[in-house]
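# Coordinates in review
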Amino acid sequence: MLFIDTHAHLDGAEYDDDREQVMARAKEAGATKVLIPAIDVPSCHTVLDTCRQFPGFAFPMLGLHPEEVKDDWPSQLDAIWQMITQPDVLPSVVAVGEVGIDYYWSREYEQQQVEAFERQVQWAVELQLPLMIHGRKGQQQIVSVLKKYKDRLPGGVFHCFTGNAIEAAELLQFDNFVLGIGGVLTFKKSHLPEVLASTVPLDRVVLETDAPYMAPVPMRGKRNESAFITHVITKMAESYNFPEEEIATQTTLNAYRIFPKLPH
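Below, the structure is looked at part by part.

What counts, and where the lines are drawn
- Within each chain, residues carry numbers counting from 1 in the order of the written sequence.
- Only residues with pLDDT of at least 70 are given local features in this predicted model, and only at 80 or more are side-chain atom pairs given and counted; all residues enter the totals for whole chains, interfaces and linings.
- Computation of side-chain values covers all heavy atoms of the structure but excludes hydrogens and water.
- Three labels apply to residues, based on accessible area from a 1.4 Å probe with only protein chains included: buried if under 20% of the type maximum, exposed if over 50%, partly exposed otherwise in between.
- A run of H or I in DSSP counts as a helix once it spans at least four residues, and a run of E counts as a strand once it spans at least two, with each numbered from the N terminus.
- To obtain the arc, one takes the directions from the helix axis to the C-beta atoms.
- Should any heavy atoms of two residues lie within 4.5 Å, those residues are counted as being in contact.
- Strand pairing follows a simple DSSP-based rule, namely that at least 2 bridges must link the two strands.
- Lines are fitted to the C-alpha atoms to define the axes, a helix being fitted only along its stretch in contact, and any angle between axes, read from their N-to-C directions, falls within 0 to 180 degrees.
- Just so you know how the angles are binned, under 35 degrees is roughly parallel, over 145 roughly antiparallel, 65 to 115 roughly perpendicular, and the rest oblique.
- By convention a crossover is right-handed if, when the strands point away from the viewer, the path from the first strand over the helix to the second runs clockwise.
- Any carboxyl oxygen of Asp or Glu that lies within 4 Å of a side-chain nitrogen of Lys or Arg is treated as forming a salt bridge with it.
- His is not counted here, nor are the chain ends, while Lys and Arg score as positive and Asp and Glu score as negative.
- Definitions used for this entry: grid spacing 1 Å over protein atoms alone; cavity, a set of points where a 1.4 Å probe fits but cannot get out; pocket, an open set with protein on both sides within 12 Å along at least 5 of 7 lines; lining residue, one with an atom within 4 Å of a point.
- Grid points are joined across faces, edges and corners, and a volume is the space filled by probe spheres set on the points.
- Side-chain classes follow a simple rule in which Ala, Val, Leu, Ile, Met, Phe, Trp, Tyr, Cys and Pro form the nonpolar group, Asp, Glu, Lys and Arg form the charged group, and the remainder, Gly included, forms the polar group.

### Regarding helix α5 (residues 139-148)
Residues Gln 139, Ile 142, Val 143, Val 145 and Leu 146 constitute the buried set of α5. Here the buried residues of α5 occupy an arc of 165 degrees about the axis, which is enough to place them on one side. Opposite its buried face, α5 presents the exposed residues Gln 140 and Lys 148, each directed more than 90 degrees away. Packed against the buried residues of α5 are β4 (95-102), α4 (110-127), β5 (131-136), β6 (156-158) and α6 (165-171).

### A word on the sheet that holds strand β1 (residues 3-5)
Pairing in this open sheet of eight strands is parallel, and the strands run β1-β2-β3-β4-β5-β6-β7-β8 from one edge to the other. Looking along the sheet, the strands with just one partner apiece sit at the ends: β1 and β8 (205-207). Averaged over all adjacent pairs, the angle separating strand axes in this sheet is 30 degrees, with direction ignored. In the sheet, β1 pairs with strand β2 (residues 31-37) via three bridges, with the strands oriented parallel. Within β2, the position partnered with Ile 4 by the bridge is Lys 33. Strands in contact with helix α8 (residues 229-240) are β1, β7 (177-181) and β8; relative to β8, the strand with the most contacts, it is inclined by about 150 degrees.

### Quick look at the packing of helix α2 (residues 41-53) against helix α3 (residues 73-84)
α3 packs onto α2 with a crossing angle of 25 degrees between their chain directions and a minimal axis gap of 9 Å. By the angle between their axes, α2 is roughly parallel relative to α3. Mapping the contact onto sequence places Val 41, Cys 44, His 45 and Leu 48 in α2 and Gln 76, Ala 79, Ile 80 and Met 83 in α3.

### Observations regarding the pairing of β2
Judged by how many residues are buried, β2 sits mostly within the fold: six of seven residues are covered. Of the crossover connections in this fold, the one passing from β1 over helix α1 (residues 19-29) to the parallel β2 is right-handed. Here β2 pairs with strand β3 (residues 58-62) via four bridges, running parallel. Paired with Leu 35 across the strands is Phe 59, a residue of β3. Handedness of the crossover joining β2 and β3 through α2: right-handed.

### Some points on the pattern of salt bridges
For the coordinates displayed, the defined rule picks out twelve salt bridges. Note that Asp 102 and Arg 136 form a salt bridge whose closest N and O atoms lie 3.0 Å from each other. Remark: Arg 136 occurs in strand β5 and Asp 102 occurs in strand β4; sequence separation between them is 34 residues. Glu 118 is paired through a salt bridge with Lys 148; the nearest N and O atoms lie 3.2 Å apart. In this pair, Glu 118 is assigned in helix α4 and Lys 148 in helix α5, connecting sequence segments 30 residues apart. Several salt bridges converge on common partners, so that one network encompasses Asp 18, Arg 25, Arg 223 and Glu 225.

### Brief notes about the side chain of Glu 208
Mapped onto the secondary structure, Glu 208 falls in the loop between β8 and α8. Buried charge without a salt bridge: Glu 208, with Arg 136 as the nearest opposite-charge side chain at an N-O distance of 12 Å. If sequence neighbours within four positions are ignored, Glu 208 has contacts with Asp 5, Thr 6, His 7, Val 157, His 159, Cys 160, Gly 180, Ile 181, Gly 182 and Ile 229.

### A look at the environment of Phe 259
Here Phe 259 lies in the segment after α9 (244-258). Spatially, the C-alpha atom of Phe 259 lies 22 Å from that of Phe 228, the residues being 31 residues apart in sequence. In contact with Phe 259, not counting residues within four places along its chain, are Thr 6, Leu 35, Met 61, Val 94, Ala 95, Pro 130, Met 132 and Val 157.

### Here we look at the layout of surface pockets
Gaps between atoms show up when a probe of the same size as a water molecule is rolled over them. Put simply, the largest pocket is a space of about 1,100 Å³. What lines the largest pocket is a set of 41 residues, among which His 134, Gly 135, Arg 136, Cys 160 and Met 214 lie closest to the centre. Of all the elements in the fold, those that place two or more residues in the lining of the largest pocket are α2, β5, α5 and α6. Looking at the lining of the largest pocket element by element, the count peaks at four residues for β5. Looking at side-chain class alone, the lining of the largest pocket contains 15 nonpolar, 14 polar and twelve charged residues.

### Digging into empty space enclosed by the protein
Tallied over the full model, the rule gives one cavity of 30 Å³ or more. Size it by volume and the largest cavity reaches roughly 50 Å³. Along the wall of the largest cavity there are 13 residues; nearest its centre are Cys 160, Gly 182, Gly 183, Glu 208 and Met 214. Class assignment of the residues belonging to the lining of the largest cavity gives a composition of seven nonpolar, four polar and two charged.

It is worth stressing that arrangement in space is one thing and function is another; only the former is reported here.
Shown next as structure tokens:
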């Protein structure tokens, strides 16, 4: 059973002691590729370095995470743009991300988050790269920005979707966008299994871990890693009442569709 982890922060310091082993376990579990998102300027460098260490397996996504939008956000975006457009970097970048809007902890930089997000949406249009979108308590603003570019957007992922059927339908109005589903699907109180089964076609989801965060049951509380996606696949197969192999195959096809620069 082969799969793609479309979102894992495997460049993080949490993996500095055993990154090689984490990647090896991912491959052993069936991962054929992992996509690694940046969150700020320093992580753009660590993401690129990590992906160079694992060619053909790890692929970079570069962007400014909404929680990293502070007073210096314009200069951070300028630096990331310079990096992403370098002739030796751009061919390897598979998406603009992780970008979005997050008002969960604070609304201090509310308008700046919107402006930073829109600017990176414009990058996606200009470079024809998909978006890896992070949203918490900001879906209305995300949808509002995306609608401006709806006809020109190449597509992307609404990462870590945990919403209800109405929210799913609102996001899936954007063609060639899919929902990123990870460990939350396995949580005891999650309503995601019912939402997926009733509202979301299987060709509109991709698998992700968000490692090192949000490890699935029965690994909850541990540092997450790509190998743990097998637990998400098991739960997704229950939700859709499909064989696990079909879940893995279809989500892999979806990932290739959303991220066309990924080599087959």
